[in-house]
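Observations on the three-dimensional arrangement
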Amino acid sequence: MLTASEAERFLIQEARLLDERRFDEWEALFTDDAVYWVPMDPDRDPTDSVSIIYDDRKRLHERVYRLTRTPVLDQNPPSRTVRIVANVEVEPVDGTGEQRVRCNQLIAEMRPGGPGQAGLNSPRWLAARCEYRLRPVDGQWRIAFKKVVLLDSDQAQYNLSFIP
Amino acid sequence: MAITQATHGYEELVVDDPREFRVHGSIYTDPRIFEEEMHRIFERTWIYVGHESELPAPGDYKTVLVGRQPLIVSRHEDGRIYALYNRCRHRGAVVCREERGHSNFFRCRYHNWVYANNGALIGMAQASGYPEDLDRSRYSLVPAARLESYRGLLFVNLSYDGPSLAEHLEPVRKYVDYWLGRSPSERIQVILPPHRYEYPGNWKLQAENGFDGYHGNYVHLSWQRVLQLSRESTVEEVQQYRQEGCVRGLRNGHGLLERPGSLNPASSWTARMMHRYPEYAEAMRKRFSDAELVEISARRNIFVFPNLYLFDTHIRVIVPKAVDRTEVQLYVYALEDVPEAINRSRYRGHERFYGPAGFGAPDDIEVFTEMQTGLQATGDPWNLLNRGQHRERVVDGEVIGHTTDEAPQRSFYREWRRVMSQA
């Protein structure tokens, strides 16, 4: 069992790892069969349509590798983020030992640069409804599923490569 | 050199010098030039508004912007598709606000003027306020001057003047046919919703980039490292691949980047899929000759002037919003009559590179923003597009260049200059 305050503590720790760009530690929170999904339309089957992000564990590893170990342009300079986790609700998933956790997140993001640089220096806000499935693995909670539905998921987005 | 009159001198803004083809930076930064582009290009040439598969049934509709004008594209009970200005004939409110949907009529919410989805005025609130013999046919939603389709691709032209769609597409038509040929029935089905991204930069930066074969090894080195991580290709292999093929600058402003076709599964995606799925190979061989299959298996980024790209995974529409703001829509499509697994792997492959969180497209977007900032510096206001001018050759009206050369960009800007200079 997981109480709402335990779930909140878990989500806050996850948010801290992302805000502090500790992406390897963040990746380690996911189970081997995990799915990380940022849909454009959450009602559509992601296998037969296209999503902003629809990562299995291998693709998630590529994402973290790209951010941390390749000469990526769109995260150089890197994003600063501040994440707020709220409205946390928990319910058990029948017969699995997993817990479904819902929350809302506000993500403020900004990339710093010199004067007049297009795309830099202006904070933007992303609001999202999130759903997680957490699974106990060796006494630790792990993320088996994470879905981030942006408020404007079906609208045009500027780069989201910082990991929303 | 100071160019202060944006409304004149397009001849001078694109300099077709045989050694130093160049364009003036103001075409990316001057709001007055942007205004003129909206009128002279987007309201006078053929603009892609969607694919017929987006509107399969009578009553289906989508709304689009052509330049900055709101239009409805709708399929009527007669099965035909109509392009209508989204403006009530009474007092000018839009009659449809949704992005897409299904409806038998469009209703203005101000005074309940109601139109059929071919634009015919059906009625209005308190009709007794108008004469009984009112000729309602005078007050239909106004249709776009021209709506034509080529093999399911729908284009409108807001002007009655100028070439037909067939004339406009003629130089690029065979490449569109090859593009469709990866489906053995030569049909595609658009998968909704599209990827949509936007960036703080001019629309032509994206237009110039889709057939640019020069930037890949630098802007997408990160992507090449990801491929190497997953043991799909080494960085050296990808960089070698990016030297193969050619670019083609076509008449009417079209152009493309092309990787060579092959029947060898090791060398082309189509051949690999045919090797992996015998039923696909059988259907393709039944439909096409070996020579056609080689052409079909060539991977091309096909640009259709002024703002459309046909890619192997998606139809790309560049939507100018302001001189320094652009939206790009990527309509991924299914190839019809191929094994489901082929399309699913195409969707996953698309997501991996494209879209706002892909491993490739955000790097391009980043460069567009760097260009938009740099173009504010006018010490020397010229951008060079002269790469490969000394080594290009002309075959059957096509200018063919090394895969890293700027021949298609030159075709684009020659047509841009011609259209912008028209009275």
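The structure we're discussing is the one just above.
To start, this report covers the structure provided alongside it. Predicted, not measured: the structure shown is a model, and the values here were computed from it.

What counts and what doesn't
Residues numbered from 1 in each chain as written. Chains lettered and ligands numbered in written order. Predicted model: local features only at pLDDT ≥ 70, side-chain atom pairs only at ≥ 80, totals over all residues. Heavy atoms only, no water. Helix = DSSP H or I, 4+ residues; strand = E, 2+ residues; numbered from the N terminus. Rg over C-alpha atoms; globule rule 2.2 N^0.38 Å. Buried < 20%, exposed > 50% of the residue type's maximum accessible area, 1.4 Å probe, protein only. Pairing = 2+ DSSP bridges. Salt bridge = Lys/Arg side-chain N within 4 Å of Asp/Glu carboxyl O. Phe/Tyr/Trp six-rings, centres within 6.5 Å; stacked < 30°, edge-to-face > 60°. Axes fitted to C-alpha atoms, helices over the stretch in contact; angles between N-to-C directions. Parallel < 35°, antiparallel > 145°, perpendicular 65-115°, else oblique. Contact = heavy atoms within 4.5 Å. Nonpolar A, V, L, I, M, F, W, Y, C, P; charged D, E, K, R; others polar.

To continue, consider the overall build of chain B. Summing up its helical and strand segments, chain B has 15 helices and 23 strands in all. In terms of overall size, chain B behaves like a compact globule, its C-alpha atoms giving a radius of gyration of 23 Å where 423 residues would be expected to give roughly 22 Å. With the principal axes as the frame, chain B shows a C-alpha extent of 75 × 60 × 40 Å. By the burial criterion, 58% of the 423 residues in chain B qualify as buried.

With that out of the way, let us pick up the pairing of strand β16 (residues 255-259) of chain B. A regular strand places its side chains on the two faces of the sheet in alternate fashion. Residue and element names in this part refer to chain B. The element β16 is largely enclosed, with a buried count of five among its five residues. Where burial is concerned, the two faces of β16 agree: the one with Gly 255, Leu 257 and Arg 259 and the one with Leu 256 and Glu 258 are both buried. Here strand β15 (residues 246-249) runs beside β16; their pairing, made up of four bridges, is antiparallel. When the sheet's bridge partners are listed, Arg 248 is paired in β16 with Leu 256.

Below, the discussion takes up the pattern of salt bridges. Applying the stated criterion across every chain, the model contains 53 salt bridges over all chains. Here B:Arg22 ties to B:Glu20 by a salt bridge, and the two come within 3.2 Å at their closest N and O atoms. Salt-bridge contacts for B:Arg387 lead to B:Asp405; the nearest nitrogen and oxygen are separated by 3.5 Å. Of this pair, B:Arg387 sits in the loop between β21 (382-384) and β22 (393-395) while B:Asp405 is found in the loop between β23 (398-402) and α15 (407-421), placing the two residues 18 residues apart along the sequence. Note on B:Arg387: relative accessible area 25%, which makes it partly exposed. Using a relative accessible area of 1% as the deciding quantity, one classes B:Asp405 as buried. Via salt bridges that share partners, A:Lys58, A:Arg59, A:Glu62, B:Glu232 and B:Arg352 belong to a single interconnected network.

Residue and element names in this part refer to chain B. Scanning the model with the defined rule gives 24 aromatic pairs over all chains in all. Summarising the aromatic geometry, the rings of Phe 303 and Tyr 309 are spaced 4.8 Å apart at their centres and angled 55° between planes, so their arrangement reads as tilted. The class for Tyr 309 is buried, based on a relative accessible area of 0%. Aromatic pair Phe 353 and Tyr 354: ring centres 4.9 Å apart, planes at 75°, arrangement edge-to-face. For Phe 353, a relative accessible area of 11% gives the class buried.

Another aspect to go through is the sheet that holds strand β3 (residues 80-92) of chain A. Residues and elements named next belong to chain A. The six strands are arranged β2-β1-β6-β5-β4-β3 in an open sheet whose pairing can be described as mixed. With one partner strand each, in any of the chains shown, β2 (53-55) and β3 form the two edges of the open sheet. With strand direction ignored, the average angle separating the axes of adjacent strands in the sheet is 20°. Sheet analysis places strand β1 (residues 30-38) next to strand β6 (residues 140-150), joined by four bridges and oriented parallel. The residue of β6 that forms the bridge with Tyr 36 is Lys 146.

This paragraph deals with the packing of helix α3 (residues 31-42) of chain B against α15(B). Residues and elements named next belong to chain B. Relative orientation of the contacting elements α3 and α15 amounts to 85°, with a least axis distance of 9 Å. With respect to α15, the element α3 is oriented roughly perpendicular. From α3, Ile 33, Glu 36, Glu 37, Arg 40 and Ile 41 reach across to α15, where they touch Trp 416, Val 419, Met 420 and Ser 421. For the contact of α3 with α15, a count of residues per class yields five nonpolar, one polar and three charged.

Purely spatial values, then, with no claim about function.
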